Amino acid sequence: VQLVESGGGLVQPGGSLRISCEASGFTFSGYAMRWYRQAPGKERELVAGISNGGGSTNYADSVKGRFTISRDNDKNTVYLQMNSLKPEDTAVYYCNAVSWRYEYWGQGTQVTVSS
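The present account deals with the structure reproduced in this document.

Analysis parameters
Residues numbered from 1 in each chain as written. Predicted model: local features only at pLDDT ≥ 70, side-chain atom pairs only at ≥ 80, totals over all residues. Heavy atoms only, no water. Phe/Tyr/Trp six-rings, centres within 6.5 Å; stacked < 30°, edge-to-face > 60°. Buried < 20%, exposed > 50% of the residue type's maximum accessible area, 1.4 Å probe, protein only. Lys NZ or Arg CZ within 6 Å of the ring centre and 35° of its normal. Helix = DSSP H or I, 4+ residues; strand = E, 2+ residues; numbered from the N terminus. Lys, Arg positive; Asp, Glu negative; His and termini not counted. Salt bridge = Lys/Arg side-chain N within 4 Å of Asp/Glu carboxyl O. Polar contact = N/O pair within 3.5 Å; in protein donor to acceptor, adjacent residues only side chain to side chain. Contact = heavy atoms within 4.5 Å. Core = buried A, V, L, I, M, F, W, Y, C linked by side-chain atoms within 4.5 Å. Disulfide = S-S within 2.5 Å.

Tallied over the entire structure, the rule returns five aromatic pairs. Arranged with centres 6.3 Å apart and planes meeting at 10 degrees, the rings of tyrosine 102 and tyrosine 104 form a pair that is stacked. Classification of tyrosine 102 as partly exposed rests on a relative accessible area of 39%. Above the plane of the ring of tyrosine 94 lies arginine 44, whose end atom (NZ or CZ) is 3.8 Å from the centre. The ring of tryptophan 105 is capped by arginine 44, whose NZ or CZ atom sits 4.8 Å from the centre of that ring.

Turning our attention to the side chain of glutamate 5. With respect to the helices and strands, the residue glutamate 5 is situated in strand 1 (residues 2–6). Buried charge without a salt bridge: glutamate 5, with arginine 44 as the nearest opposite-charge side chain at an N-O distance of 7.8 Å. From its side chain, glutamate 5 meets the backbone nitrogen of glycine 108 in a polar contact 2.9 Å long. Leave out the neighbours within four places in its chain, and glutamate 5 touches Ser20, Cys21, Trp35, Tyr93, Tyr94, Cys95, Gly106, Gln107, Gly108 and Thr109.

For the rest of this paragraph, the subject is the nonpolar core. By size, the foremost hydrophobic cluster in this structure holds 30 residues, and its most contacted members are Leu3, Met33, Trp35, Val78, Leu80, Met82 and Tyr93. When contributions to this core are tallied by element, the ones reaching two or more residues are strand 3 (17–24), strand 4 (32–38), strand 5 (45–50), strand 7 (67–72), strand 8 (77–82), strand 9 (91–98) and strand 11 (109–113).

A word on the state of the cysteines. Taken as a whole, this structure holds one disulfide when the rule is applied. Through a disulfide, cysteine 21 is tied to cysteine 95; the S-S separation comes to 2.1 Å. Across the S-S bond linking cysteine 21 and cysteine 95, the dihedral sits near -80 degrees, which makes this disulfide left-handed. Taken as a pair, cysteine 21 in strand 3 and cysteine 95 in strand 9 lie far apart in primary sequence, 74 residues in all. This pair shows no difference in class: cysteine 21 is buried, exactly as cysteine 95 is.

What follows is the structure, given as structure tokens:
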């Protein structure tokens, strides 16, 4: 089982970034997918989630209206489109797959918002 995040990097405040998470080794379409983030010295927090079919999404209040989670079950990939980025969005972003029985985590990708 693997979850591999990509697309992180350095972006200026107000900018946009899309991060991806490609899954392998399990039935991707059977899992809800989530993005978490963890900033230095802070607890890991849930950013966004999407149901296994993609019909239902949810977001943390801090990112509503700026971030969009989506998935492509044919490509076994989940995305997080991040717009209007703020310095407080700086964190390591982790991909998470969850079913009624199992849960998997990616290794994380760093997103830094700074001028």
